[in-house]
Amino acid sequence: MAIIKKVEASLSRVPLNNVTSLSSRVVTNREYVLVKVTDDTGNSGIGFCYAGHRCGQLVQRAVIDLLAPVVLGQNSLRTTGLWTEMYREGLLHGRTGSVMRALSCIDIALWDLNARNVGLPLYQYMGADALDRVPAYASGGYYVEGKTPADLAGEVSDYVKAGFKAVKIKVGKFGVAEEAARVAAAREAIGPNIPLMLDANNAWTDLRTAEAHCKAYEPYHPEWIEEPFLPDDIDNHARLGRLTSIPIATGEIEAGRWRMKDLMDRDVISILQHDACVCGGITEWRRITDTAASYGITTNPHWFHDVHIHTVAASTSAQYVEFFVDSEVLNFRELIDTQLTFENGDVLLPQTPGLGFNFDEGQVEKYAAFEAGVSSVWDTAEA
Ligand SMILES: [Mg+2]
C-alpha cells in the first residue's frame, strides 16, 4: 500500500541565455511547474510541465487547490482511477490547457512514484520495447537576432557531426523566399540522407500562404511540416495535407483522447506529437499512442526528452525522442540533477528507478517564482 500523503508544487521561471524566437513568439524566459507526490512511507515521485512564459501559477494552483484534494489519501497504484477522478474534478475549468497540464504533472509523478517503489526504471515498469537506447532527433534551428542561413547550416551540421541521424528546424517566421533559403541551407549542410523536420509553430492563418511555403520546401524533402495552423483549425490541416507531399504533423498543444481521436478521424495527420506533460500524463499518452497506431499514425512526442525517453521506449509505434542538446531553448535541464546522454543518434536509457533524475533543490530555490499567496518554494497540500 502506498497512500498519498503530500502533494507539492513549485513554479520556476528560468531566463534564456539569448532571446530566441519561433515563427509566432519571442521567448525570453520559460516557466515550469514542478510537482512532488509523497506517500506514507516517505517516498516521492516527480512530475513537471512547461507552463509558458508567464502565469504558470495557473498550473500550480490547479495542482494544489483543484487536483491534490482528489488524490490525497488515495492509493498511488490507482493511476487509471485517479486520472478519471481528476479529469472529472477539472471539467468546468478546462479539459485542455493549464488544468490538463496540472493533471499531467500529478499523473507523471504517480507513475514515477510507483516505478521507484518497485525499483524499476519507468520504461521497464510500463512494459518496455527498448531496454538500452531509443532513436532521437536533434531539435533546434530557432531564430536568433543576426542568425544567417549559414549560421543555421553550421548548427545543423554540428548535430550531424555529434551523431544525430535526424534534425528539426523552425520555419514560418519570414516570407517564402527567405524561409526556403533557410531550408535549402539546412538540407545542403546535412546532406540528402538525414531526415529534416520543419516546425511552423502555428505560423499561418490561410491555406494559400501555407501551401506556398510547403511547395517551396518540397524540393528539400522535409520529413514533416509541424503545426502549420492553430491547433483548432483542423480542417485546414487536412486541406493542406491534400495540397502538399510533405506529411502533416501536429498535436503538441492538444489534450485528451477524445480530441485526439477527432484529429485522427478527420484524416488530418501522418504524425501525432502529443506530449505527456500536456495531453494528460503518461496514462493518457499511452491511450492516445495506441489509438494512433490503430490508424497507422506514427507518434513522435513533443519536447521534454526526460519523460518521453521512457514513453517512447515503452511503445512500438513511437519513432523518435525530440532531443535538445543544451539549455539554449529547453532550459528545464537547469532544474534537474541528472542529464541524459546520447550516442550515435540515440539517447541512452537510464538504468535507475523511476524517471531517473530528481529536481536539483538548490536550482529550484534559485529560480522559484513566488506568486500571490505563496510564501515558500514548494506550495504544499497534505492529507
Ligand atoms: Mg513543435
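Residues numbered from 1 in each chain as written. Predicted model: local features only at pLDDT ≥ 70, side-chain atom pairs only at ≥ 80, totals over all residues.

**Topic: the overall build of the protein**
Which entries qualify depends on this criterion: Numbering of helices and strands runs from the N terminus; a helix is a DSSP stretch of H or I covering at least four residues, while a strand is a stretch of E covering at least two. The atom set for the radius of gyration is the C-alpha atoms, and the globule formula is 2.2 Å times the number of residues raised to the power 0.38. For every residue, the other C-beta atoms within 10 Å of its own C-beta are counted; 20 or more classify it as buried, 12 or fewer as exposed, and values in between as partly exposed. C-beta atoms are placed from the backbone. The contact criterion used is a C-beta to C-beta distance within 7 Å, with each C-beta placed from the backbone.
A count of helical and extended segments in the protein gives 13 helices and 14 strands. Relative to the globule expectation of 21 Å for 383 residues, the C-alpha radius of gyration of the protein, 20 Å, shows essentially globular dimensions. If one aligns the C-alpha atoms of the protein with their principal axes, the spans along those axes are about 60 × 45 × 40 Å. Scored against the burial criterion, the 383 residues of the protein give a buried share of 50%. Across the protein, every contact between residues at least 6 apart in sequence was considered, and the portion connecting residues at least 24 apart equals 72%.

**Focus on the sheet that holds strand S14 (residues 379–382)**
Where we set the bar: At least two DSSP bridges between two strands are required for those strands to pair. Angles shown run from 0 to 180 degrees and are taken between the N-to-C directions of axes, each axis being a line fitted to C-alpha atoms and, for helices, limited to the stretch in contact.
Strand order in the open sheet formed by four strands is S3-S2-S1-S14, and the pairing between neighbours is antiparallel. Unpaired on one side and paired on the other, strand S3 (44–50) and S14 mark the two borders of the sheet. In this sheet, adjacent strand axes meet at a mean angle of 20° when their direction is disregarded. Bridging between strand S1 (residues 4–21) and strand S2 (residues 26–39) involves 13 bridges; their strand directions are antiparallel.

**Points about the domain arrangement of the protein**
Put simply, the test is: Note that domain bounds follow an automatic or database assignment of domains. In this classification, Asp, Glu, Lys and Arg are treated as charged, Ala, Val, Leu, Ile, Met, Phe, Trp, Tyr, Cys and Pro as nonpolar, and every other residue, Gly included, as polar.
Here the domain parsing of the protein yields domain 1 (4–119 + 360–382) and domain 2 (124–348). On a C-alpha basis, the centroid separation for the pair domain 1 and domain 2 is 24 Å. Tallying the contact residues gives 36 residues for domain 1 and 36 residues for domain 2. Listing elements by their share of the side of domain 1 that touches domain 2, those giving two or more residues are S1, S2, S3, helix H2 (79–89), helix H3 (98–117) and helix H13 (361–367). The greatest single-element share of the side of domain 1 that touches domain 2, amounting to nine residues, is contributed by H3. Classifying every residue of the side of domain 1 that touches domain 2 by side-chain character gives 18 nonpolar, 13 polar and five charged.

**Side note on helix H7 (residues 207–217)**
Applied cut-off: What the arc covers is the set of directions going from the helix axis to the C-beta atoms.
Within H7, the full set of buried residues consists of Ala210, His213, Cys214 and Tyr217. For H7, the arc enclosing every buried residue in end-on projection is 95°, short of the 170-degree limit, so these residues lie on one face.

**Points about the nonpolar core**
Put simply, the test is: Nonpolar cores are built from buried Ala, Val, Leu, Ile, Met, Phe, Trp, Tyr and Cys residues. These are joined into a set through C-beta atoms within 7 Å.
Membership of the largest hydrophobic core comes to 117 residues, with the highest contact counts inside it found for Val33, Val35, Val63, Ile106 and Val167. In terms of residue count, H3 provides more of this core than any other element does, twelve residues in total. Looking at which domains feed residues into this core, each of domain 1 (4–119 + 360–382) and domain 2 (124–348) supplies at least three. Residues in contact with Val63, not counting those within four places in the same chain, are Val7, Ala9, Val33, Val35, Ala68, Ala102, Cys105 and Ile106.

**Details of the pairing of strand S6 (residues 196–199)**
Each regular strand shows side chains that alternate between the opposite faces of the sheet. Inclusion rule: A crossover gets the label right-handed when its path from the first strand over the helix to the second runs clockwise, viewed with the strands pointing away from the viewer.
Of the two faces of S6, the one lined by Leu196 and Leu198 and the one lined by Met197 and Asp199 are each fully buried. The pairing of strand S5 (residues 167–170) with S6 spans four bridges and is parallel. When the bridges of S6 are listed, Val167 appears paired with Leu196. Remark: the S5/helix H6 (residues 176–190)/S6 crossover connection has right-handed handedness.

**Quick notes on H2**
Every buried residue belonging to H2 is among Leu82, Trp83, Met86 and Tyr87, and all of these are buried. Mapping the buried residues of H2 onto a view down its axis gives an arc of 135°, with all of them on the same face. The outward face of H2, more than 90 degrees from its buried face, is lined by the exposed residues Thr80, Gly81, Thr84 and Arg88. The secondary structure elements touched by the buried residues of H2 are helix H1 (57–71), H3 and helix H11 (281–294).

**Here we look at the environment of Pro219**
Examined against the element boundaries, Pro219 turns out to sit in the loop between H7 and strand S7 (224–226). Expressed as a C-alpha distance, the spacing of Pro219 and Ala180, which sit 39 residues apart in the sequence, is 9.5 Å.

**Digging into the packing of H3 against H11**
Using the following cut-off: Small angles under 35 degrees read as roughly parallel and large ones over 145 as roughly antiparallel, with 65 to 115 read as roughly perpendicular and the rest as oblique.
Where H3 meets H11, the closest approach of the two axes is 6 Å, and the angle between their N-to-C directions is 95°. Put simply, H3 runs roughly perpendicular to H11. On the side of H3, the interface is formed by Leu103, Ser104, Asp107, Ile108 and Trp111, while H11 contributes Gly281, Ile282 and Thr283. Among the residues forming the contact of H3 with H11, the class breakdown is four nonpolar, three polar and one charged.

**Some thoughts on unusual backbone geometry**
In this model, Asn201 sits at a positive phi of 45°, which is unusual for a non-glycine residue. When you line up the elements, Asn201 lands in the loop between S6 and H7. Of note, the phi angle at Trp303 is positive, near 70°, even though the residue is not glycine. Within the secondary structure, Trp303 sits in the loop between strand S10 (298–299) and helix H12 (305–313).

**Overview of the packing of H2 against H3**
In plain terms, the rule: Helix crossings get a hand from a simple test, with the near helix turned counterclockwise from the far one by less than a right angle marking a left-handed crossing and a clockwise turn marking a right-handed one.
Their axes nearest at 11 Å, the elements H2 and H3 cross at an angle of 165°. As far as their axial angle goes, H3 and H2 are roughly antiparallel. Crossing geometry of H2 relative to H3 is assigned as right-handed. Facing Thr79, Leu82, Trp83, Met86 and Tyr87 of H2, the residues of H3 in contact are Leu103, Ile106, Asp107, Leu110 and Trp111. Grouping the amino acids of the contact of H2 with H3 by side-chain chemistry returns eight nonpolar, one polar and one charged.

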